[in-house]
Amino acid sequence: MSPDSMLPGSVRSAAELNEQIRALWLRAGGSLTAQERAEYEALVVEWAKAVRERIIEAA
């Protein structure tokens, strides 16, 4: 995932990001390369942000 695709205020939902994380692990066969690890970490950070935003909106 390029840094350009990680725009501030992403509109991707936590569910969509979770799907992408799962798909990445399936493609990688459970062992991530350095590039896949970086993509995974970026997805997890974005997922956590989406979850937090959803909780704040619900409050």
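This write-up is about the structure you can find in this document. (Residues numbered from 1 in each chain as written. Predicted model: local features only at pLDDT ≥ 70, side-chain atom pairs only at ≥ 80, totals over all residues. Heavy atoms only, no water.)

**Overview of helix α2 (residues 34–58)**
Between its terminal C-alpha atoms α2 stretches 36 Å, which fits the 36 Å expected from 25 residues at 1.5 Å a residue. Within α2, burial applies to Glu36, Glu39, Leu43, Glu46 and Ala50. Lining the buried residues of α2 we find α1 (14–28). (Helix = DSSP H or I, 4+ residues; strand = E, 2+ residues; numbered from the N terminus. Expected span 1.5 Å × (residues − 1). Buried < 20%, exposed > 50% of the residue type's maximum accessible area, 1.4 Å probe, protein only. Contact = heavy atoms within 4.5 Å.)

**A short note on the environment of Leu24**
Among the structural elements, Leu24 can be located in helix α1. Each C-alpha atom of the pair Leu24 and Tyr40 lies 7.4 Å from the other, and the pair is 16 residues apart in sequence. The residues touching Leu24, leaving out its near neighbours within four places in the chain, are Leu32, Glu36, Glu39, Tyr40 and Leu43.

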